[in-house]
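# Observations on the model geometry
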Amino acid sequence: MRTQVAIIGGGPSGLLLGQLLHRAGIDTVVLERRSRDYVLSRIRAGVLETGLVDLMHEAGVGARMDREGFIHDGTLIAKGDEQFRIDFERLTGRHVMVYGQTEVTRDLYEARDAAGAPTLHDCRGVKPHDLDTAAPFITFLRDGAVHRLDCDFVAGCDGYHGPCRQEIPTEVRREDEKTYPFGWLGVLSETPPVSDELIYANSARGFALCSMRNATLSRYYIQCDLSDSPDDWTDDMFWDELKRRIPAEAAERLETGPSIEKSIAPLRSFVCEPMRWGRLFLCGDAAHIVPPTGAKGLNTAASDVHYLSNALKRFYHDRDDEGLERYSETALARIWKTERFSWWFSSLMHRYPDQSAFDLRIQQAELAFLRDNEAAQRAMAESYVGLPY
Ligand code: APR
Ligand code: PHB
């Protein structure tokens, strides 16, 4: 087999890249370890920055998002029973789109199928070779046989646990990481959202988030101990704790119901540099991770895809490799600003086990400053709706 760009990973990064390249007449093959059903079973945040909304339209997959997505002009920040609103539209002239990542992935798969672009599922032992040459190739196992895919470039879109990052020699690769001393216990319920907009809540008992997927499907999170397991939390325990952490007026109107999904995710900040090694280019979670506060994982993957797809188009259409040469530097400049925002928002909204009385007063002062200062609100809103690409 041969293609121009081999894409390892059939998540949002790989699929969005594949679709943008296909529309530019550049051939790709996606090699995905899991089945399609497995990929589409993942529950992930669905808050799309304006940049990603634009990319979905550029990729020709924006129709269902426009029909079924929810435009949010702001978000609510709560501290105990007090809450205030960050008005994205007034502060930035922009908004976000609430549309599940699963739906983004589904739309991209359907578009790829319709284009007849090859996506190979259930690929095992995917291994890039000769990345430091002009003729890289990939070997992988599938249907009991070893296969080889020759290509010009390899896009490492294989997520945090994928193999591509490891292809960058350790003496070249720098990894910066921060882990957080708590997790997020998330519940999906077939109940109407408690609020038209998201509520991020800082309470004495810890963080909580009220989100949604649509008018009849809600997504809620509470900060939990890293030692917790979903089985430690019955639905009633979860709802009772959520009600203790969100403003009383929201707790009173909260409609509860059986959880149809319940899981715990650890929080991590992580960046791998560089994002390129020879003909390998890393995209999305393969190169960086953010804590979910502010829903920047998918959106940062999207900005990588924007930069890499344009660089590859410039190479193939104009035989100009400057975009490829500058990809890592360009992508990392925006990635670190988003890492900062996600770290800041997490620091603002969570209770840390080692927080001193002074730390707590500073956190409360930061919240009060955000509540009272329009410049602080604009700075937050600019990051939340998405920094420019
Ligand atoms: N071979 C082939 N595919 C692989 C391999 C491998 N060895 N390892 C991992 N993969 C696949 C995974 O099965 C997954 O489908 O790569 C894909 C990576 O997808 P994601 O982890 O979703 O990462 P990305 O596409 O960058 O999307 C980032 O996903 O994890 C969320 O919060 C994150 O919202 C962000 C988004
Ligand atoms: C979600 O809906 O899953 C979600 C929304 C916003 C976040 C994180 C997760 O910051």
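See above for the structure.
Residues numbered from 1 in each chain as written. Chains lettered and ligands numbered in written order. Predicted model: local features only at pLDDT ≥ 70, side-chain atom pairs only at ≥ 80, totals over all residues. Heavy atoms only, no water.

### A word on the overall build of the protein chain
Test applied: Numbered from the N terminus, helices here are DSSP runs of H or I no shorter than four residues, and strands are runs of E no shorter than two. With C-alpha atoms as the basis for the radius of gyration, the globule rule is written as 2.2 Å multiplied by the number of residues raised to the power 0.38. Exposure classes here rest on a 1.4 Å probe applied to the protein chains alone. A residue is buried below 20% of its type maximum, exposed above 50%, and partly exposed in between. Residues are treated as being in contact if the distance between any of their heavy atoms lies within 4.5 Å. Throughout, the Shrake-Rupley method with a 1.4 Å probe supplies accessible areas, and for residues the shown protein chains are the sole cover considered. Only four residue types enter the tally: Lys and Arg on the positive side, Asp and Glu on the negative side, with His and both chain ends excluded. The atoms used to mark charge sites are NZ of Lys, CZ of Arg, CG of Asp and CD of Glu.
Along its length, the protein chain carries 12 helices and 20 strands. Relative to the globule expectation of 21 Å for 389 residues, the C-alpha radius of gyration of the protein chain, 21 Å, shows essentially globular dimensions. Dimensions of the protein chain along its principal axes, counting C-alpha atoms only, are 60 × 40 × 40 Å. In the protein chain, which comprises 389 residues, the proportion classed as buried is 56%. For the protein chain, the proportion of contacts with a sequence separation of at least 24, taken over those separated by at least 6, is 71%. A total accessible area of about 16,100 Å² is found for the protein chain, and carbon and sulfur atoms account for 49% of it. Counting 46 positive and 60 negative side-chain charges, the protein chain places the centres of these two groups 1 Å from one another.

### Looking at the sheet that holds strand β11 (residues 145-150)
Two orientations exist for strands paired in a sheet by backbone hydrogen bonds: parallel and antiparallel. Rule in force here: Two strands qualify as a pair provided DSSP detects at least 2 bridges between them. Every axis in this analysis is a line fitted to C-alpha atoms, fitted for helices over the stretch in contact. Angles between the N-to-C directions lie between 0 and 180 degrees.
Taking strand neighbours across the sheet as the criterion, the 3 strands line up as β9-β10-β11 in an open arrangement whose pairing is antiparallel. Only two strands of the sheet have a single neighbouring strand rather than two, namely β9 (124-129) and β11. Sheet twist, expressed as the mean angle between neighbouring strand axes with direction ignored, is 20 degrees. Alignment of strand β10 (residues 137-142) against β11, held across 6 bridges, turns out to be antiparallel. Paired with phenylalanine 137 across the bridge in β11 is aspartate 150.

### Regarding the sheet that holds strand β5 (residues 74-79)
An order of β6-β5-β14-β15-β16-β13-β17-β20 is seen for the 8 strands of this open sheet, with the pairing classed as mixed. The open sheet has two free edges, formed respectively by β6 (82-87) and β20 (288-289), since each of these has just one partner strand. Across 13 bridges, strand β13 (residues 174-189) lies against strand β17 (residues 259-273) in antiparallel orientation. The residue bridging leucine 188 from the neighbouring strand is glutamate 261, located in β17. Along the sheet, helix α12 (residues 374-385) makes contact with β5, β6 and β14 (199-203), crossing β6 at roughly 65 degrees.

### Structural notes on the environment of glycine 206
Mapped onto the elements, glycine 206 comes out in strand β15 (residues 206-214). Measuring from C-alpha to C-alpha, the distance between glycine 206 and cysteine 224 comes to 7.9 Å, with 18 residues separating the pair along the chain. What glycine 206 contacts, discounting residues up to four positions off in sequence, is Ala201, Gln223, Arg245 and Arg351.

### A look at the pairing of β10
Summarising the sheet, β9 and β10 pair through 4 bridges and their orientation is antiparallel. Within the sheet, the bridge partner assigned to histidine 129 lies in β10 and is phenylalanine 137. Where β10 folds back on β11, the antiparallel hairpin that results is connected by 2 residues, among which aspartate 143 adopts a positive phi of roughly 55 degrees.

### Examining unusual backbone geometry
The residue after glutamate 273, namely proline 274, is reached through a cis peptide bond having omega -10 degrees. Structurally, proline 274 can be placed in the loop between β17 and β18 (276-277). At aspartate 143, a residue that is not glycine, the phi angle is positive and equals roughly 55 degrees. Positionally, aspartate 143 belongs in the loop between β10 and β11. For aspartate 143, a relative accessible area of 73% corresponds to the exposed category.

### Details of the site of ligand 1
In plain terms, the rule: Whether a residue is near a molecule or strand depends on its heavy atoms: it is near if one of them lies within 4 Å of it. N or O atoms within 3.5 Å of each other form a polar contact, as long as, within protein, one can give a hydrogen and the other can take it, and as long as residues adjacent in sequence are counted only when both atoms are side-chain atoms. Ten residue types, Ala, Val, Leu, Ile, Met, Phe, Trp, Tyr, Cys and Pro, are classed as nonpolar, four, Asp, Glu, Lys and Arg, as charged, and the remainder, Gly among them, as polar.
Within the structure, ligand 1 sits among 23 residues, and Ser13, Glu32, Arg42, Gln101 and Asp285 are positioned closest to it. Between glutamate 32 and ligand 1, the recorded distance is 2.7 Å, taken from a side-chain N or O atom to an oxygen atom. Arginine 42 places a polar side-chain atom, nitrogen or oxygen, 2.8 Å from an oxygen atom of ligand 1. Going through the elements one at a time, α1 (12-22) and α9 (297-318) are the ones with two or more residues in the shell around ligand 1. Here the shell around ligand 1 is composed, by residue class, of 8 nonpolar, 8 polar and 7 charged.

### Section: the site of ligand 2
Neighbouring ligand 2 are 14 residues, the closest being Ser211, Arg213, Tyr221, Pro292 and Gly294. Here an oxygen atom of ligand 2 sits 2.9 Å away from a polar atom, N or O, in the side chain of tyrosine 200. Mapped onto the shell around ligand 2, the elements with two or more residues apiece are β15 and β16 (217-224). In terms of residue count, β15 provides more of the shell around ligand 2 than any other element does, 3 residues in total.

### Brief notes about helix α3 (residues 50-58)
Here α3 has its buried residues at Thr50, Gly51, Leu52, Val53, Leu55 and Met56. Following α3 by one or two positions, glycine 60 adopts a phi angle in the positive range, close to 75 degrees.

### Description of α1
Among the 11 residues that make up α1, 10 are buried, leaving the element largely enclosed by the rest of the structure. Where α1 is concerned, the buried positions are Pro12, Ser13, Gly14, Leu15, Leu16, Leu17, Gly18, Gln19, Leu20 and Leu21. Where α1 is buried, its residues meet β1 (5-8), β2 (28-31), α3, α6 (101-115), β12 (153-156) and α9.

### Quick look at the packing of α1 against α9
Where we set the bar: Note that the term roughly parallel is reserved for angles under 35 degrees, roughly antiparallel for angles over 145, roughly perpendicular for angles of 65 to 115, and oblique for everything else. The hand of a helix crossing depends on one turn: near helix anticlockwise from the far one by less than a right angle means left-handed, and clockwise means right-handed.
It is the contact of α1 with α9, at a shortest axis distance of 9 Å, that shows an interaxial angle of 30 degrees. Classified by the interaxial angle, the pair formed by α1 and α9 is roughly parallel. Considering how the two elements wind past one another, α1 and α9 form a crossing that is right-handed. Contacts from Pro12, Ser13, Leu16, Leu17, Leu20 and Leu21 of α1 reach α9 at Leu298, Ala301, Ala302, Val305, Leu308, Ser309 and Leu312. Looking at the contact of α1 with α9 residue by residue, the classes come out as 11 nonpolar, 2 polar and no charged.

Remember that the coordinates give geometry; whether it matters functionally is a separate question.
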